[in-house]
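Structural characterization, general
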Amino acid sequence: MKALIIPEDFRKDQHILTPIFTRLLRNIGDTSPRVRICRDPLLGGVGEALKLERISEILEANAGMYDLFILCVDRDGMIGRRQRLDDIEREFGSAFLAENAWEELETWVLAGLALPSGWRWQEVRAEIHVKERYFEPLAAQRNLSNAPGGGRKQLGEEASRNISAIRQKCPEDFDALALRIESAASFA
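These notes cover the structure that comes with them. (Residues numbered from 1 in each chain as written. Predicted model: local features only at pLDDT ≥ 70, side-chain atom pairs only at ≥ 80, totals over all residues. Heavy atoms only, no water.)

Focus: the side chain of Thr107
Relative to the elements of secondary structure, Thr107 occurs in helix 5 (residues 106-111). Side-chain polar atoms of Thr107 contact the backbone nitrogen of Glu103, separated by 3.5 Å. Setting aside anything within four residues of it in sequence, one finds Thr107 in contact with Trp102, Trp121, Arg125, Val130 and Cys170. (Helix = DSSP H or I, 4+ residues; strand = E, 2+ residues; numbered from the N terminus. Polar contact = N/O pair within 3.5 Å; in protein donor to acceptor, adjacent residues only side chain to side chain. Contact = heavy atoms within 4.5 Å.)

Observations regarding the state of the cysteines
What the rule picks out here adds up to 0 disulfides. The thiol sulfur of Cys170 is not disulfide-bonded, and the nearest other cysteine sulfur, from Cys72, lies at 12 Å. According to the relative accessible area criterion, Cys170 is buried, its value standing at 0%. (Disulfide = S-S within 2.5 Å. Buried < 20%, exposed > 50% of the residue type's maximum accessible area, 1.4 Å probe, protein only.)

What to know about the packing of helix 1 (residues 10-27) against helix 10 (residues 171-184)
Two numbers describe how helix 1 lies on helix 10: the axes approach to 11 Å, and their chain directions differ by 50°. The orientation of helix 1 relative to helix 10 falls into the category oblique. The hand of the helix 1/helix 10 crossing is right-handed. Between helix 1 and helix 10, the contacting residues are Ile20, Phe21, Leu24 and Leu25 on the first element and Phe174, Leu177, Ala178 and Ile181 on the second. (Axes fitted to C-alpha atoms, helices over the stretch in contact; angles between N-to-C directions. Parallel < 35°, antiparallel > 145°, perpendicular 65-115°, else oblique. Left-handed = near helix turned anticlockwise from the far one by under 90°.)

Section: helix 3 (residues 52-61)
Within the sequence span of helix 3, burial applies to Arg54, Ile55, Ile58 and Leu59. For helix 3, the angular spread of buried residues about the axis comes to 135°, placing them on one side. Facing away from the buried side of helix 3, by more than 90 degrees, are the exposed residues Glu53, Glu60 and Ala61. On its buried side, helix 3 packs onto strand 1 (2-7), helix 2 (46-49), strand 3 (68-74), helix 4 (81-92) and strand 4 (96-101). (Arc of directions from axis to C-beta.)

Observations concerning the packing of aromatic side chains
In the structure shown here, the tally under the stated rule is 6 aromatic pairs. Geometrically, the ring pair formed by Phe21 and Phe174 is tilted, given 6.2 Å between the ring centres and 55° between the ring planes. Of this pair, Phe21 sits in helix 1 while Phe174 is found in helix 10, placing the two residues 153 residues apart along the sequence. Taken individually, Phe21 and Phe174 each receive the classification buried, so the pair is uniform in this respect. Between Tyr66 and Phe69, the ring centres sit 5.9 Å apart and the planes meet at 70°, which makes this aromatic pair edge-to-face. Assigned by exposure class, Tyr66 and Phe69 land together as buried. Grouped by ring-pair contacts, the aromatic residues Phe21, Trp108 and Phe174 constitute a single cluster. Lying over the aromatic face of Trp102, Arg75 brings its terminal NZ or CZ to 3.9 Å of the ring centre. The ring centre of Trp121 lies 5.3 Å from the NZ or CZ of Lys169, which sits over that ring. (Phe/Tyr/Trp six-rings, centres within 6.5 Å; stacked < 30°, edge-to-face > 60°. Lys NZ or Arg CZ within 6 Å of the ring centre and 35° of its normal.)

Looking at the sheet that holds strand 4
Spatial ordering of the open sheet is given by 2-1-3-4, a layout of 4 strands whose pairing is parallel. In this open sheet, the two edge strands, each paired with only one partner strand, are strand 2 (34-37) and strand 4. With strand direction ignored, the average angle separating the axes of adjacent strands in the sheet is 25°. Taken together, the 6 bridges between strand 3 and strand 4 define a ladder with parallel strand orientation. Within strand 4, the position partnered with Ile70 by the bridge is Leu97. Relative to strand 4, helix 4 is tilted by about 170°, and along the sheet it contacts strand 3 and strand 4. (Pairing = 2+ DSSP bridges.)

Laid out in C-alpha cells, this is it:
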C-alpha cells in the first residue's frame, strides 16, 4: 500500500509518523508498505490542516499516486475535533482518513516506550501538553534533545517496534485509526 500521511507540520511530525505508520501497515498485513509524509505544502499548524481547500489541494496534487491519504493532527484538548475530522472524511471519501492524537502525536511515541519510573500512563494520557510535560523531558533524559526532530526520530523508531502497545494504550485515537486502515486496506 502507498500511503500519504498529512501532518499539521511535517518538520518534527515526520519523525514520528513515518516509522509508526510503516510498522502499523506491516503489522496489518502489508509486506512492503510505502509511507510518505506530505511536505508540500507545509501546513504549519492544525488550523491550516483542517481547511478543506488545503486538503483538496494536497489530494489533487497527489491524485492517483497513493492508495490512502491519512490526516494526523493533535487534539490539543479540543473535544469536538473528532467531529470536525468526521466531517472532513465524509467530504473526501473512503481513501481519506483523519485522526487526532490525544493530545499530541508524541503521546503515541510514549505509548510504545518503557516510561521512566514514577510516570503513570493514565497521567501521561490525560495531559494536554504531553509534549512539554513528558516527551521533551524524556528526550532530554536520553540526551536526544539535539537529535533529529528533538529526539522524535530515534524515539519514534523505538516506539514503532511496539505497535501493539500503542494500539492498546491509545484505543480512542491510534487503534481506532488502525482499525479503519485495516478496513480500507486491500490486503486486510
